Amino acid sequence: MSGTVTVRQVTLGEDIPKICVPLVGATAAELIAEAEALKELAPDLVEWRSDFFAEVEDLTAVQETLSAISSVLPDIPLIFTFRSEEEGGERAIAKEYYIRLNQAAAESGCVDIIDVELFKGDDIVRELIAAAHACGVFVIVSNHDFHGTPSQEEMITRLRKAQELGGDLLKIAVMPQHAGDVLTLLAATNTMREQYADRPIITMSMAGEGVISRLAGEIFGSALTFGAAHKPSAPGQVAVAELRSVLALLHRSL
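An unreviewed UniProt entry lists the protein chain under the name 3-dehydroquinate dehydratase, from Paenibacillus helianthi. Quoted verbatim from the Subunit (unreviewed entry) field of UniProt, the annotation for the protein chain is "Homodimer."

Okay, structure coming up:
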């Protein structure tokens, strides 16, 4: 049932899940070096996790660094993400600055997608989606639970809410406490895909137990998976080369 979203040359929501690799450097120099190294890995998308960036509360530094990353990787779609501390990120910032930061990223001309957290509040989510769309930028509306795995019904409710608010891509990441939680996440993904979604969804169960969810997206309905180049941005991320190999194996088997 879910549809597709095409970001430059990359279409999310069809065939093999696309691979995104995070940039997690603390300085502009580190980020540029990471971006240079990604050329060889050739991921489908790159995500700048700006909460790792030491100067993230300096908009000028953020904009200059975005421009530098874009110059190194001009042909790879770029996701801009500030992951808040309450959702597993590296730091906390005021909501007012969170809005300004994401608006600035959308307006920079260097970003293809911004990530907006579902629980920032409906008005903020709608405001940032409108600002991004005015700039021709897509929006992931996301939720991350590093403490556990909600019920299947609750995860579907959150994904449906992200869709109702106007997100172009709907994302949820949860932490399993046991293997059954991974099955719950996969069941929620499949049900969302089959019954409710009219756009791509991105789901994952984190840590070691959840690795299967990062590999089996094509079967259950997750359109994007995150792989690690060097330092992972979340527990359970698989190295890009291994990830690509397993995704291709599963794709050939379907």
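Alright, that's what it looks like, and here's the rest.
Applying the stated rule across the entire model yields 3 aromatic pairs. Relative to Phe80, the ring of Trp48 lies with its centre 5.7 Å away and its plane at 80 degrees, an arrangement referred to as edge-to-face. Placement of the pair is Trp48 in strand S4 (residues 45-49) and Phe80 in strand S5 (residues 78-81), with a sequence separation of 32 residues. Phe80 shares its class with Trp48; the two are buried.

Counted according to the given criterion, the structure contains 11 salt bridges. Where Lys120 meets Glu117, a salt bridge forms, and the shortest distance between an N and an O atom there is 2.7 Å. Per residue, the accessibility class of Lys120 equals that of Glu117, and both read buried. Put simply, Arg83, Glu86, Asp115, Glu117 and Lys120 are held in one network by salt bridges that share partners.

Our next topic: the environment of Ala197. Turning to its location among the elements, Ala197 is positioned in the loop between helix H6 (179-196) and strand S9 (201-205). Taking relative accessible area as the criterion, Ala197 reaches 0% and is therefore assigned buried. Measuring from C-alpha to C-alpha, the distance between Ala197 and Thr157 comes to 11 Å, with 40 residues separating the pair along the chain.

With that out of the way, let us pick up empty space enclosed by the protein. As enumerated under the stated definition, the model contains 3 cavities of 30 Å³ or more in all. Here the second largest cavity defines a volume of roughly 40 Å³. Forming the walls of the second largest cavity are Arg8, Val46, Ile69, Ser70, Leu73, Ile76, Pro77, Leu78 and Cys110.

Attention now moves to the sheet that holds strand S7 (residues 138-145). Across the sheet, 9 strands lie side by side as S9-S8-S7-S6-S5-S4-S3-S10-S11; this open sheet has parallel pairing. Two strands close off the open sheet at either side, each with one partner strand: S9 and strand S11 (238-239). Direction of pairing for strand S3 (residues 18-23) relative to strand S10 (residues 224-228): parallel, over a ladder of 3 bridges. Across the sheet, Lys18 pairs through a bridge with Leu224, a residue of S10. The sheet contacts of helix H1 (residues 28-41) involve S3 and S4, and relative to S3 the element is tilted by about 155 degrees. Each of strand S8 (169-174) and S9 is contacted by H6, which is oriented at about 170 degrees to S9, the strand it contacts most.

Let's shift gears to the packing of helix H3 (residues 95-107) against helix H4 (residues 122-134). Contact pair H3 / H4: the axes reach a minimum separation of 9 Å and the direction vectors enclose 15 degrees. Our classification of the angle between H3 and H4 gives roughly parallel. Where H3 crosses over H4, the handedness of that crossing is right-handed. Residues Lys95, Tyr98, Ile99, Asn102, Gln103 and Ala106 of H3 form the contact with H4, whose own contacting residues are Ile124, Glu127, Leu128, Ala131 and Ala132.

Locating Asp115 in the fold gives a position in strand S6 (residues 113-117). A polar contact of 3.0 Å, which involves the side chain of Asp115, links it to the side chain of Arg83. Setting aside chain neighbours within four positions, we find Asp115 in contact with Phe80, Thr81, Arg83, Tyr98, Asn102, Ile140, Ser142 and Lys171.

The UniProt feature table records "binding site: 3-dehydroquinate" (unreviewed entry) at Glu47, Trp48, Arg49, Arg83, Arg214, Ser233 and Gln237. Tracing the sequence through the fold places Glu47 in strand S4. Of the residues examined, Glu47 reaches a relative accessible area of 3% and is grouped as buried. In contact with Glu47, not counting residues within four places along its chain, are Cys20, Val21, Pro22, Leu23, Ile79, Thr81, Arg83 and Phe226. Following the sequence through the fold, Arg214 ends up in helix H7 (residues 211-215).

What counts, and where the lines are drawn
- Residues numbered from 1 in each chain as written.
- Predicted model: local features only at pLDDT ≥ 70, side-chain atom pairs only at ≥ 80, totals over all residues.
- Heavy atoms only, no water.
- UniProt positions renumbered as here; feature names shortened; annotations may be inferred.
- Phe/Tyr/Trp six-rings, centres within 6.5 Å; stacked < 30°, edge-to-face > 60°.
- Helix = DSSP H or I, 4+ residues; strand = E, 2+ residues; numbered from the N terminus.
- Buried < 20%, exposed > 50% of the residue type's maximum accessible area, 1.4 Å probe, protein only.
- Salt bridge = Lys/Arg side-chain N within 4 Å of Asp/Glu carboxyl O.
- 1 Å grid on protein atoms, 1.4 Å probe; cavity = no way out; pocket = protein on both sides within 12 Å on 5 of 7 lines; lining within 4 Å.
- Points joined across faces, edges and corners; volume = space filled by probe spheres on them.
- Pairing = 2+ DSSP bridges.
- Contact = heavy atoms within 4.5 Å.
- Axes fitted to C-alpha atoms, helices over the stretch in contact; angles between N-to-C directions.
- Parallel < 35°, antiparallel > 145°, perpendicular 65-115°, else oblique.
- Left-handed = near helix turned anticlockwise from the far one by under 90°.
- Polar contact = N/O pair within 3.5 Å; in protein donor to acceptor, adjacent residues only side chain to side chain.

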